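Residue-level structure breakdown
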Amino acid sequence: QLFLDYFELNYHNDITKDTIEGLTGVSYDYFRNMFKKITGISIGTYIKRRKLALIIHEVIEKNGKISNFIKPYLSIQSFSTAFKNEYLLSPQQCIE
């Protein structure tokens, strides 16, 4: 739970293996395996999906532009591609 709480507040920053180990008190490999066993998805997939969802939520909540919130991504295009690959619609379609 500590990892999930930390992630929700820090999703715009890189989450490293060292960060996860420090938060959980177990090795990254152990955490990764247990996370997948419990949730059914990899930690990487969770992080990607949650970042996409939190960014869109932030855009909608603050009535802002996507470009103001895409820090984890290199460009609007890379964000849009990742979003569309995950949700099968564009970020703009989701916002509308």
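The present account deals with the structure reproduced in this document. It should be emphasised that the depicted structure is a prediction, and the values quoted were computed from it without experimental measurement.

Definitions and limits used
- Residues numbered from 1 in each chain as written.
- Predicted model: local features only at pLDDT ≥ 70, side-chain atom pairs only at ≥ 80, totals over all residues.
- Heavy atoms only, no water.
- Core = buried A, V, L, I, M, F, W, Y, C linked by side-chain atoms within 4.5 Å.
- Buried < 20%, exposed > 50% of the residue type's maximum accessible area, 1.4 Å probe, protein only.
- Helix = DSSP H or I, 4+ residues; strand = E, 2+ residues; numbered from the N terminus.
- Phe/Tyr/Trp six-rings, centres within 6.5 Å; stacked < 30°, edge-to-face > 60°.
- Axes fitted to C-alpha atoms, helices over the stretch in contact; angles between N-to-C directions.
- Left-handed = near helix turned anticlockwise from the far one by under 90°.
- Contact = heavy atoms within 4.5 Å.
- Nonpolar A, V, L, I, M, F, W, Y, C, P; charged D, E, K, R; others polar.
- Salt bridge = Lys/Arg side-chain N within 4 Å of Asp/Glu carboxyl O.

Structural notes on the nonpolar core
The nonpolar side chains of soluble globular proteins are, as a tendency, buried together. Phe3, Phe7, Ile43, Ile55 and Phe79 are the most contacted members of the largest nonpolar core, which totals 22 residues. Taken together, the elements giving at least two residues each to this core come down to α1 (2–10), α3 (28–39), α4 (43–61) and α5 (76–87).

Here we look at the packing of aromatic side chains
What the rule picks out here adds up to 8 aromatic pairs. Look at Phe7 and Tyr46: their rings are 5.8 Å apart centre to centre, the planes differ by 55°, and that puts the pair in the tilted class. A residue pair is termed long-range when its members are at least 10 positions apart, and Phe7 in helix α1 and Tyr46 in helix α4 qualify at 39 residues. Tyr46 shares its class with Phe7; the two are buried. Taken together through their ring pairs, the aromatic side chains of Phe3, Phe7, Phe31, Phe35 and Tyr46 make up a single cluster.

Concerning unusual backbone geometry
Look at Leu88: it is not a glycine, yet its phi comes out positive at around 60°. Inspection of the secondary structure puts Leu88 in the loop between α5 and α6 (91–95). Judged by relative accessible area, which is 74%, Leu88 ranks as exposed.

Examining the packing of α1 against α4
Direction vectors running N to C along α1 and α4 enclose 40°, while the axes themselves pass 11 Å from each other. The way α1 lies across α4 gives a crossing that is right-handed. In this structure, α1 uses Phe3, Leu4, Phe7 and Glu8 to contact α4, whose residues at the interface are Ile43, Tyr46, Ile47, Arg50, Lys51 and Leu54. Of the residues assigned to the contact of α1 with α4, the class counts are 7 nonpolar, no polar and 3 charged.

Here we look at the side chain of Glu58
With respect to the helices, strands and loops of the structure, Glu58 is situated in helix α4. In this structure Glu58 comes out as buried when scored by relative accessible area, which is 13%. Setting aside anything within four residues of it in sequence, one finds Glu58 in contact with Tyr11, His12 and Phe69.

A few points about the environment of Ile47
For Ile47, the position within the fold is in helix α4. Among the residues examined, Ile47 registers a relative accessible area of 15% and is labelled buried. Measuring from C-alpha to C-alpha, the distance between Ile47 and Glu8 comes to 9.9 Å, with 39 residues separating the pair along the chain. In contact with Ile47, other than residues within four places in its own chain, are Phe3 and Phe7.

Some points on the pattern of salt bridges
For the structure shown, the criterion picks out 5 salt bridges. The salt bridge partner of Arg49 is Glu86, with a shortest N-O separation of 2.7 Å. In this pair, Arg49 sits in helix α4 while Glu86 sits in helix α5, placing the two residues 37 residues apart along the sequence. The residue Glu58 makes a salt bridge to Lys62 at a minimum N-O spacing of 3.3 Å. Salt bridges sharing common partners tie together Lys48, Arg49 and Glu86.

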